[in-house]
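# Analysis of the macromolecular model
Here is what each chain is made of, one letter per residue.
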Amino acid sequence: MTPDLSTTWLGLKLSNPLMPGASPLVDDLDAVRKLEDAGASAIVMHSLFEEQIIRESTAQDSILDAYTESYTEAQSYFPDRGMFPFGPEGYVRHVERLRETVRVPLIASLNGTSRGGWIDFARAIERAGASALELNLYDLGADPRESALDAESRLIDLVRAVKDSIRIPLAVKIGPYFSSLAHFARELERAGADGIVMFNRFYQPDIDTELLEIAPALRLSDPSELRLRLRWLAILRGQIKGGLAASGGVHSHLDAVKAVMAGADAVQMVSALLTLGPDHLGTVLGNLRQWMIDHDYTSIAQMKGSMSLERCPDPKAVERSNYAFVLQTWRQERAQGR
Amino acid sequence: MPDRRKITVDGNEAVASVAHRLSEVIAIYPITPSSNMGELSDEWSAKGRTNIWGQVPDVVEMQSEGGAIAAVHGALQAGTLATTFTASQGLLLMIPSMYKIAGELTPFAMHVAARTVATHALSIFGDHSDVMGVRQTGFALLASGSVQEAQDLALVAHAATLRSRIPFLHFFDGFRTSHEIAKIEELTDDDLRALVPEDGVREHRLRALTPDRPVLRGSAQNPDTYFQAREACNLFYETCPGIVRETMEAFGRRTGRPYGLFDYAGDPEADRVIVMMGSGAEVAHETVDWLRARGEKVGVLKVRLYRPFDVRAFAAALPRAAKTIAVLDRTKEPGATGDPLFLDVVAALREARDLGLRADDPRVVSARYGLSGKEFTPAMVVALFQELAAPRPRTRMTIGIMDDIGKSSLPWDRDLDIEPADTTRAIFWGLGSDGTVGANKNSIAIIGERTPLHAQGYFVYDSKKSGAMTVSHLRFGPRPIRSSCLIRRAGFVACHQFAFLDRYDVLEAAAPGGVFLLNSPFPAEAVWDELPREVQETILARKLRVFVIDALAVAQDAGMGSRINTVMQTCFFAISGVLPKDEAIREIKEAIRETYGKKGEDVVRKNWAAVDRTLANLHEVRVPAAAPSGRPRPPAVADTAPEFVRRVTARILANQGDLLPVSAFPVDGTWPTATAQWEKRNIATEIPVWDETICVQCNRCVFVCPHATIRAKVVAPAELAAAPASFQSADSRLSEYKGQKYTLQVAPEDCTGCGICVEVCPARDKSNPRHKAIDMAPQRPIREQQRGNWDFFLRLPEVDRTTVRPDARSTQFLQPLFEFSGACAGCGETPYIKLLTQLFGDRLLIANATGCTSIYGGNLPTTPYTVNSAGRGPAWANSLFEDNAEFGFGFRLALDARRTHALSLVKALAPKIGEGLAGALTEASNWDDAGMAAQRDRVVALRTALAPLKDAEARRLDLLADALVKKSVWLIGGDGWAYDIGFGGLDHVMASNREVRILVLDTEVYSNTGGQQSKATPLGASAKFATAGKSSPKKDLGLMAMSYSHAYVARVAFGANDRQTVQALLEADAFPGPAIIIAYSHCIAHGYDMAFGAKQQKLAVDSGIWPLYRFDPRRPLKGEPPLHLDSGPPRVRPIEYLRNEARFRMVEALDPARFRTLMKDAQRTAAQRWDLYRQLAGVTVANPEPDKEE
């Protein structure tokens, strides 16, 4: 019997848990069509950054407008600027185009950390046809004047403000570096988050030792990063009423199985798709289905949360003691020369 | 009568709107000041706007105006409705086709923003010398004098041509009308449909060339037939004026704005009448009304239809009582019996008498006015009428200048102001980059479109591309505004930049009792003492109220950086009272939303914040009753400047060029070089400062500096004994200058603050890498100190040229002979020109195509080309845009001829001057710096030897002796010249065997006229006329040049490889034949911060988009391939280069899918091209063995 792969994420009925996570992959309409054909249950768009919304409009002013209407022979140097929606307008148009291109739910993504005019774009994105919004709280916590409590309050305020401005469901994507993650997650839910995506991956630039410059470096994820997600999915599954999604480190069907078992309603893939192309999602989906058949699973629902802290056979393995145990075994193994 | 919108537009837009709606094909070529008409048409078509037949007109940019009119000619022959827009030289290039179009009786209307034709100098401003140059072609010429008229008569032209079959040239004054913003009533599509005769359209279509009804046009005829056939068209010309009159009448019935072939305004019994056309006629009209109110019997006859000239209509329109007539021409025809309109009027009056239409014989005098947009004011009209009242008025005059040589000029009262008190007049002095003009355009729209008031705006722009000043002239009033001239008395004067007070008399036009608004870093209570004495005097004498605001602080607080436009605009509304304050604030905010809404909510919010903060920061200054006490305004140039600079240049710099008399000027357009050094512009807020302790002395900053404001020298330590205390130096790290001191110095008052030097500086502080060997620092605190250091630096000895190695570092010790130009901050072209002058400046002749290079190279008042201590430096000339290759080729021919002549004289005179000297002179072949110096010494010896000789040959040789020293001829221009309009000539010159060197400064777009695509524009870039991104690849000019196989060809990009750039220039200059260098030049039209120009160049090369190479046809003699690649295979993805520039990103914003397709195409093309070069670079051309001797 074909297992039922359907799941619910952000109140959206999805045919299966697999979807591309926020990445530039979806900038290309062809790639998006391929993703849908491969079976992606939703499309998550790349993030529109707060800085992009604010700075692009300012940068546009300072660089492109600096030379307008100052020299006799040329009052401008570009075709009518009104035709080119730099920054946020372009994003909104892309939402519209994607909406026309795919039938599956479309999840737009905003990335920011403070309240301000930029969140008005949430409404614009909603109007453009997004089915849901993913708000990426990418916060470094680099300000020494701001306490952990203040930082969390600021982000909670932001979530509330975004939630208040839209009617579509809201997912919040967070990083793992919160001092009291479980509490923070619950507060997010109270502020209106319909689901939590774990985790975003921090940009970690390199250093160019010759030029003494910071060198931008994008490192793709590998499956080892999934462990951190699995642990927190497992912990939060019983504490959160809303949805949970895994993001980061899912490369194969087994990774997806683990994420669902830990408690994920949805599973996002990025690095593997960037490396192997959009069709890879179809391969993972096929393998997932086959694995479920081979292991007599009838549905995702059956599998979901089975290995969460609440339900797994050995909760301690998930919690702190597991850490000590793993370290101990490793030491022993090394001592034995294995 | 239909309800029509009131709009505020400029003349170009008003005309283009009609032409676009009545055309199917529009072929253009950009030329100031008409370019906007083509650009708007292109933009409208890109947005899908249709003509009145529901079709989107096809707008094409051609390679020249000759190409545009030929394309139009073809489109007309094939049965479409076509138009074009042009001006000046562009119109002249169209003349041959215009004869054809007229000779074939082709319905066609074109629109000309009338502009000066280049003579002793180029001028982009308005007069009638271009349109008068085509009056013989058979085109009908129709003149408008205002923005409303330009729109209306554009329609009349399109309608009348279809009925008359005579092609129409409709013209209006360049800048004065083309760029003036006015409130007009917009013509609807129904208006257009009502006037344009559908049967005329049908007949035109039926005449189309088609194989279904084949005919032949363009035959060749012989003496037996041509003459009669040429007369066959006469009937059409005879009926044309009647058709125009009927069309104007129909137009008048429909719109309530009647026009005639000749429109008279004034006293029906006027005894004195001015006859003229164009915008000046509006000034005359306004003045006539004013004079009549004072009892004078005067009038003005406005000529609308100048060709065909209708004698009967003219005779009927001219008042019977007219005793004296002044005919005003806005053109000059040297040597003629009179300027054209004057001659027409004289002939028409004579014929009218012969035909019995008039019995009178009025006195007719001629006056020339307004050349190159020279102001034409009511006071001048008053002076003319006064002269006409004299018993024996002068017969030939000029008005508007002081002709102290020919005594032709009529004096006028410069203080006369006739404008009604209820016209609000305001003048704003701003910087181009502070947004003043944009804000003023906004204010005009607010008042013009949201109140019943009439509005007019005119903007005086700078010819400098960096630190450009703008002066806005705004009028608002209850009646239509005819004053098509600058404001002479303003009740409101705003100065948006405090520094202007030291440079210009900004209060010159301030009306007594008026308001002066000053953007001041000093608060209201302290500002008075900071004002120059002259400003204080004017404020006191005219009892001005003074308001100040620190607009920069307000703008910065609101997060708007240096864009103070909104702040100052709010102040204007708050003080001027042109609208109730609260209403004004509301309207400003609404306008901000409309203007900036597309740019994002944040921009809107910031602007609103600026508005809200403005009123709290605007303060009135308590003007002291005491006598002025401030410091006097500094002189425009230093006292040490040459006499000509002090007498002439300084006046132009101070905005007083209008006051210079004829005698101040060279008679033939010859100007001294080396004058930019006297213009201290102080436009940089931050300038580079040097840390000698970490500097590696690479001289890259010197190399890339676009304005030659950062320079290096190596000198003996003793030279620094008298250095100012703050003067910096370090031990030289260069092996060839061991034991010497290295010094790097910035010209603080000439630097534009672009920051490209900092970006290329490779030396970082190891402990604090944020600090480099060059960092930017505020200019003002170090200005005085660095000025002294700069003066000291200039006095240090220049490097011994014979010690300089031919590499990028060492050559930067050579003195640049191109400095402080008006080019954009961060310009990507000027470093190449500067390098050229460093390497060959003392032997250099430059033929310069029109464009950016000719503007920053040769636009008055100052010239950046300069001289060395021996007085030698580049000699520079600009002929035209299209002919530069041939023009420079002519230099070469002349130099070769003179040299040949000189050599033959040396040989002939050898016995007298000494065989040894003669031999050395004729056999000199070493043209490096040492060889050059030796030959110059020989020429000195030659002249000494010739001195006692009296025979004619010796005198001739004395005159020609300098030709014995080699001269370098370089042809400089942009891609618009080299790839498009001048390509034919360039190709021909490349095909020759002469030693001409061509430097193509390739910005990949028409930069000077505002970013129109050229054939150098790369695939995927958005530009005007390629809005959606250019879909065809960039033309490979280098490959074309290589195909000749005998020319030196190089492609360079100094930001990627400055050493190769130096190498290429040296090799090209030494090459015994034609040479071309195609130089990557980053440009503001690429859309990013120019400080990163060099980095982008590197990315262009590393991505394979811009491969570097040198092609030397001599290499096969050494068994090597002629093509040598100087850059490796692509090692970064093209997208990493392309994404940094707005010209590419615009396409992405407009259409991401198209962007991706274009990017893939660009990547593929780059890869293919590189592969082709790689293969070519492996091809060793067979080197034929020399013929064996029999």
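Residues numbered from 1 in each chain as written. Chains lettered and ligands numbered in written order. Predicted model: local features only at pLDDT ≥ 70, side-chain atom pairs only at ≥ 80, totals over all residues. Heavy atoms only, no water.

## Points about the overall build of chain B
What counts here: Secondary structure follows DSSP: runs of H or I at least 4 residues long count as helices, runs of E at least 2 residues long count as strands, and numbering of each begins at the N terminus. Restricting the calculation to C-alpha atoms gives the radius of gyration, and the globule rule supplies 2.2 Å times the number of residues raised to the power 0.38. Relative accessibility under 20% of the residue-type maximum defines a buried residue, over 50% an exposed one, and the middle range a partly exposed one, all with a 1.4 Å probe and only protein chains included. We call two residues contacting when some pair of their heavy atoms lies within 4.5 Å. A 1.4 Å probe and the Shrake-Rupley method give the accessible areas. Residues count as covered only by the protein chains that appear here.
Secondary structure summary: chain B contains 38 helices and 37 strands in total. A compact globule built from 1190 residues should have a C-alpha radius of gyration of about 32 Å, and chain B, at 32 Å, falls within 12% of that. Here the C-alpha coordinates of chain B stretch approximately 90 × 90 × 75 Å along the principal axes. Counting across all 1190 residues of chain B, residues that qualify as buried make up 60%. By sequence separation, contacts in chain B at least 24 residues apart represent 77% of the contacts at least 6 residues apart. Per element, the accessible surface of chain B, about 44800 Å² overall, is 53% carbon and sulfur.

## Considering the overall build of chain A
Counting its secondary structure elements, chain A contains 13 helices and 12 strands. Every one of the 338 residues in chain A was classed for burial, and the buried ones make up 56%. Of the accessible surface of chain A, which amounts to about 15500 Å², a share of 52% is contributed by carbon and sulfur atoms.

## Notes on the confidence of the model for chain B
Parts of the prediction with low pLDDT should not have their coordinates interpreted in detail. Going by this rule: The score called pLDDT rates the predictor's confidence residue by residue, from a low of 0 to a high of 100.
On average, residues of chain B carry a pLDDT of 95, and 99% of them reach 70 or more. Interface predicted TM-score (ipTM) for the complex: 0.90; the corresponding pTM is 0.92.

## Focus: the sheet that holds strand β30 (residues 844-848) of chain B
Residues and elements named next belong to chain B. This is how it is decided: Note on pairing: two strands pair once DSSP finds at least 2 bridges between them. Between the N-to-C directions of two axes lies an angle of 0 to 180 degrees, each axis being a line fitted to C-alpha atoms and, for a helix, fitted only over the stretch in contact.
With mixed pairing, the 8 strands of this open sheet are ordered in space as β31-β30-β32-β33-β35-β34-β36-β37. Two strands in the sheet have a free side with no partner beyond their single neighbour: β31 (875-877) and β37 (1123-1125). For this sheet, the mean angle separating the axes of adjacent strands, direction not counted, is 15 degrees. Bridge analysis of β30 against strand β32 (residues 968-974) gives 5 bridges, and the strand direction is parallel. Opposite N848, over in β32, you have I972 as the bridge partner. Along the sheet, helix α32 (residues 983-990) makes contact with β32, β33 (997-1002) and β35 (1075-1080), crossing β35 at roughly 135 degrees.

## Thoughts on the interface of chain B and chain A
Just so we agree on the cut-off: Accessible surface is computed with a 1.4 Å probe, and the buried area is the amount of it that two parts give up when combined, taken over both parts together. Definition used for salt bridges: Asp or Glu carboxyl oxygen within 4 Å of a side-chain nitrogen of Lys or Arg. Two N or O atoms form a polar contact when they lie within 3.5 Å of each other; inside protein one atom must be a possible hydrogen donor and the other a possible acceptor, and for residues adjacent in sequence the pair counts only when both atoms belong to side chains. All amino acids are sorted into three groups, where Ala, Val, Leu, Ile, Met, Phe, Trp, Tyr, Cys and Pro are nonpolar, Asp, Glu, Lys and Arg are charged, and the leftover types, Gly among them, are polar.
Contacts between chain B and chain A engage 59 residues on the former and 41 residues on the latter. Buried area between chain B and chain A, summed over both chains or domains, comes out near 4400 Å², and the portion from carbon and sulfur atoms is 57%. Across the contact surface, chain B and chain A share 4 salt bridges. For R764(B), the salt bridge is made with E213(A), and the minimal N-O distance between the two is 3.0 Å. Across the chain B-chain A interface, the total number found is 14 residue pairs in polar contact (both at pLDDT 80 or more). Breaking the side of chain B that touches chain A down by element, the ones donating at least two residues are α2 (35-46), α15 (436-450), α20 (601-617), α37 (1142-1150) and α38 (1152-1176) of chain B. Within the side of chain B that touches chain A, the residues separate by chemical class into 21 nonpolar, 17 polar and 21 charged.

## Some points on the pattern of salt bridges
Pairing between side chains of opposite charge can happen when the charged atoms of each approach one another. Residue and element names in this part refer to chain A. A full pass over the atoms with the stated rule returns 95 salt bridges over all chains. D194 is paired through a salt bridge with K163; the nearest N and O atoms lie 2.9 Å apart. Placement of the pair is D194 in the loop between α6 (181-191) and β8 (195-198) and K163 in helix α5 (residues 148-165), with a sequence separation of 31 residues. For D194, a relative accessible area of 28% corresponds to the partly exposed category. Among the residues examined, K163 registers a relative accessible area of 22% and is labelled partly exposed.

## Concerning unusual backbone geometry
Residues and elements named next belong to chain A. Omega for the peptide link from M198 to F199 comes to -10 degrees, which places this bond in the cis form. Position of F199 relative to the elements: it lies in the loop between β8 and β9 (206-208). Here L10, not a glycine, exhibits a phi torsion of approximately 60 degrees, which is positive. Mapped onto the fold, L10 is located in the loop between β1 (7-9) and β2 (12-14).

## With respect to the packing of helix α1 (residues 11-21) of chain B against α2(B)
All names here are of chain B. Rule in force here: Roughly parallel means an angle under 35 degrees; roughly antiparallel, over 145; roughly perpendicular, 65 to 115; everything else is oblique. By definition, any crossing whose near helix is turned counterclockwise from its far helix by less than a right angle is left-handed, and any crossing with a clockwise turn is right-handed.
Remark: α1 packs on α2, axes separated minimally by 9 Å, with the N-to-C direction vectors making an angle of 50 degrees. Between α1 and α2, the angle is such that the two are oblique. Like other packed secondary-structure pairs, α1 and α2 cross with a definite hand, here right-handed. Between α1 and α2, the contacting residues are N12, E13, V15, A16, S17 and H20 on the first element and N36, M37, L40, S41, W44 and S45 on the second.

## Let's talk about the sheet that holds strand β7 (residues 140-143) of chain B
Residues and elements named next belong to chain B. Strand order in the open sheet formed by 5 strands is β5-β6-β8-β7-β13, and the pairing between neighbours is mixed. With one partner strand each, in any of the chains shown, β5 (85-86) and β13 (305-307) form the two edges of the open sheet. Where strand β6 (residues 109-114) meets strand β8 (residues 168-173), 6 bridges bridge the pair, whose relative direction is parallel. Looking at β8, one finds that V112 is bridged to F171.

## Here we look at the packing of aromatic side chains
Residue and element names in this part refer to chain B. Which entries qualify depends on this criterion: The pairing test for Phe, Tyr and Trp rings, Trp by its six-membered ring, is centres within 6.5 Å, and the orientation test on the planes gives stacked under 30 degrees, edge-to-face over 60, and tilted for anything in between.
On inspection of all chains with the given rule, the structure shows 40 aromatic pairs over all chains. Note on Y29 and Y1006: the rings are 5.5 Å apart at their centroids and 85 degrees apart in plane angle, and the pair reads as edge-to-face. Note that Y29 is positioned in the loop between β2 (25-28) and α2 and Y1006 in the loop between β33 and α33 (1037-1042), a separation of 977 residues in sequence. Ring centres 5.2 Å apart and planes at 70 degrees place the aromatic pair F498 and F522 in the edge-to-face group. Placement of F498 in the loop between β21 (490-495) and β22 (510-519) and of F522 in the loop between β22 and α16 (533-541) is noted, with a sequence separation of 24 residues between them. A relative accessible area of 15% places F498 in the buried class. Exposure remark for F522: the relative accessible area of 28% places this residue in the partly exposed category.

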